[in-house]
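# Coordinate inspection notes
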Amino acid sequence: MSSVLTIAGYGLREALRRKVFVVVLLLTVAFLVLFWLANHVLFQNVANVGPPVGVDARTFAGATIFGLAMFGTLFLGVVLAIFLTIGVVRGDAERGLLQPLIVRPVGRVTLLVARWLGAVAVCAPYVGAVYVATMLITGLTGHWWPDHVVVPGVELAAGVAVVAALSLLGSVFLTSTANGIAVFMIFGAGLVAGLLGTIGHALNSHQLERAAKITAWLLPFEGLYQDGLRQITANTTGLTGFLLELGPFGGAYTGGTSLRLWAAAYLLIVGAGAAVGFSRRDL
Amino acid sequence: MAALAVRGLAKRYGAVEALAGVDLEVREGELVGLLGPNGAGKSTLVKIACGLVRPSRGSAEICGLPAGSREARRSMGYLAELFRFPGWYSADEVLELHQRLAGSTGGSHERHELLQLVGLEDARNRRVEEMSKGMQQRLGVAQALVGSPPLLLLDEPTSALDPVGRRTVRVLLEELRSRGTSVLLNSHLLSEIELVCDRVAILLRGRLVAEGSPAELARSRGVEIETDEGARLFEGASRDDAPRLVAELVGQGRQVYGVRVLTSTLEETYLEAVGGETS
């Protein structure tokens, strides 16, 4: 246990020292300022708009812009997670950073678990903080609050933890550059599949919806994100709820407990794959 | 019990046979030098011993424990040929990190002693990124010594050092020997190996081609006797043969002006063993 904490602390310290962390922080500040401006303008306009009968314009605007914020939060969290984990095994071995650590009586699995925990210890609070900040901006500016406050934030953080695990797995086999590209492409593929699912829902295409569901289970970070989107308007019914589900941030897919359990199992499977690959790797 | 025992060790990387069945022992308190041209398999052997590489065949044991096991890694210190410490760590923090990972209870006293041993006592709080390559290498040697392991595996520990730094490491190795620490020293510097090692092993294309003490390896090349007819070389003769050879020459009516017993240096033995091979 003390080895896990030592290496997690080592990873945490590395994360805080790296320039990518500063870049992400600056981007986050820029994102939050722009998001506040967008909220300000949006809710000013909403006050002057006469919506169609049965549509609550404030709820529609609030849920949509907060859905956009959740996408931004997930994206920034994923960027951070990938850059903290892309070179943990092969990248660090090529730079000569890994060998002095791995010959200590620590164990390769311990190292992987500790580096994942170190990355999650940075990314999860970051995602949580941005999630809460954007929720406060939307809530205080537009007087709209999500139907569920905690679960969507936890699901976003869990989605980022899944991406960190995938990136760790990739780092066992791929160089840092190749791994970074691969994980970003997987992330992009997941998002595209989610949007296709939304389009499928709007067009009542069962095939598109099924493809999106399969992708959401294959890449549970996408399923968790979609489920989080759905949670913010879980109690919104009527025409407003229907229209939100047709939009890109409506969360057409409902995951629920089974998805969350699968995401936990998925983490174990990815971790086991990384552990087996790493234990067979010559350094 | 041997500090390091390697039996029939083989390693194949695809079509390349890095090690082809090597037997080698480093006994308790012994300092063994591992020589060989680039690609001979020296680093592979050391990496198998510390669990970084899995052997294709054969076995390696550290203090009787299977190499690579957690227990074996507790009994060894390792300095890789190519290594790096995070640039933002100070020398003291690097050692503290390794103390925690190695389970050493030496605390700041051990860190101070190790930095003193490698001549870095004044750089205790200096960040790694502000150190020269030589200082980093000496810090690497100190890191390998954390927890006072009974066996040290040093892969080219002096490659980036200037003559003074090399001397520091040489003195350190002699100090370690006096403490009973076993060392496997992988180096290209023959003079260094000749000066400090009890035994030398020469690898070529994954095979052990010569082994023995520097004195045993630096064998006699003959006796050269200078007479009134010029210098005559008696190949294969040793120091013990010199009086007889001189008596025979004098008996033949020759004037003898000088006698030299010729021995080969470790460098000559090495070049002969590897056939001038390099890569």
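Residues numbered from 1 in each chain as written. Chains lettered and ligands numbered in written order. Predicted model: local features only at pLDDT ≥ 70, side-chain atom pairs only at ≥ 80, totals over all residues.

## Quick notes on the overall build of chain B
Across its full length, chain B carries ten helices and 13 strands. C-alpha atoms of chain B, sized along the principal axes, occupy 75 × 45 × 35 Å. Considering only contacts within chain B whose residues lie at least 6 apart along the sequence, 68% involve residues at least 24 apart. (Helix = DSSP H or I, 4+ residues; strand = E, 2+ residues; numbered from the N terminus. Contact = placed C-beta atoms within 7 Å.)

## Re the pairing of strand E7 (residues 151–155) of chain B
Residues and elements named next belong to chain B. For E7, the tally of buried residues reaches five of five residues, placing the bulk of the element in the interior. Burial along E7 is two-sided: the residues Leu 151, Leu 153 and Asp 155 and Leu 152 and Leu 154 are all buried. Bridge count for strand E6 (residues 76–79) against E7 is four bridges, and the pairing is parallel. Note that in E7 the partner of Leu 79 across the bridge is Leu 154. Crossover connection from E7 via helix H6 (residues 163–179) to parallel strand E8 (residues 182–186): handedness right-handed. (Buried ≥ 20, exposed ≤ 12 C-beta atoms within 10 Å, placed from the backbone. Pairing = 2+ DSSP bridges. Right-handed = clockwise from strand over helix to strand, strands pointing away.)

## Quick word on the environment of B:Leu45
Residues and elements named next belong to chain B. The topology assignment puts Leu 45 in helix H1 (residues 42–49). Remark: the alpha-carbon pair of Leu 45 and Leu 34, spanning eleven residues in sequence, is separated by 9.7 Å. If near-sequence neighbours (up to four positions away) are discounted, Leu 45 is found in contact with Val 6, Leu 9, Leu 19 and Val 22.

## Thoughts on the sheet that holds strand E1 (residues 4–13) of chain B
All names here are of chain B. With antiparallel pairing, four strands are arranged side by side in an open sheet as E2-E1-E4-E5. Edge positions in the open sheet fall to strand E2 (16–26) and strand E5 (65–66), since each of these has one partner strand only. With five bridges connecting them, E1 and strand E4 (residues 57–62) associate as antiparallel partners. By the bridge assignment for E4, Val 6 is matched with Ala 60. This element, H1, spans E1, E2 and E4 of the sheet and lies at about 115° to E1. (Axes fitted to C-alpha atoms, helices over the stretch in contact; angles between N-to-C directions.)

## Comments concerning the sheet that holds E7(B)
All names here are of chain B. Read from one edge to the other, the open sheet built from six strands follows the order E6-E7-E8-E3-E9-E10, with strand pairing classed as mixed. With partners counted over all chains shown, the strands left at the sheet margins are E6 and strand E10 (207–212), one partner each. Within this sheet the neighbouring strands show an average axis-to-axis angle of 15°, counted without direction. Along the sheet, helix H5 (residues 133–144) makes contact with E6 and E7, crossing E6 at roughly 165°.

## A word on the interface of chain A and chain B
Between chain A and chain B, the contact holds 20 residues from the first and 22 residues from the second. Among the elements of the structure, helix H1 (2–17) and helix H5 (99–102) of chain A are those that each provide at least two residues to the side of chain A that touches chain B.

## Points about the packing of H1(A) against helix H6 (residues 108–142) of chain A
Residues and elements named next belong to chain A. With their axes 8 Å apart at the nearest point, H1 and H6 run at an angle of 45° to one another. The angle between H1 and H6 falls in the class oblique. Viewed along their axes, H1 and H6 form a crossing whose handedness is right-handed. Along the contact surface, H1 presents Ser 3, Val 4, Ile 7, Ala 8, Gly 11, Leu 12 and Ala 15, while H6 presents Thr 110, Leu 111, Val 113, Ala 114, Arg 115, Leu 117, Gly 118, Ala 119, Ala 121 and Val 122. In the contact of H1 with H6, the residues fall into twelve nonpolar, four polar and one charged. (Parallel < 35°, antiparallel > 145°, perpendicular 65-115°, else oblique. Left-handed = near helix turned anticlockwise from the far one by under 90°. Nonpolar A, V, L, I, M, F, W, Y, C, P; charged D, E, K, R; others polar.)

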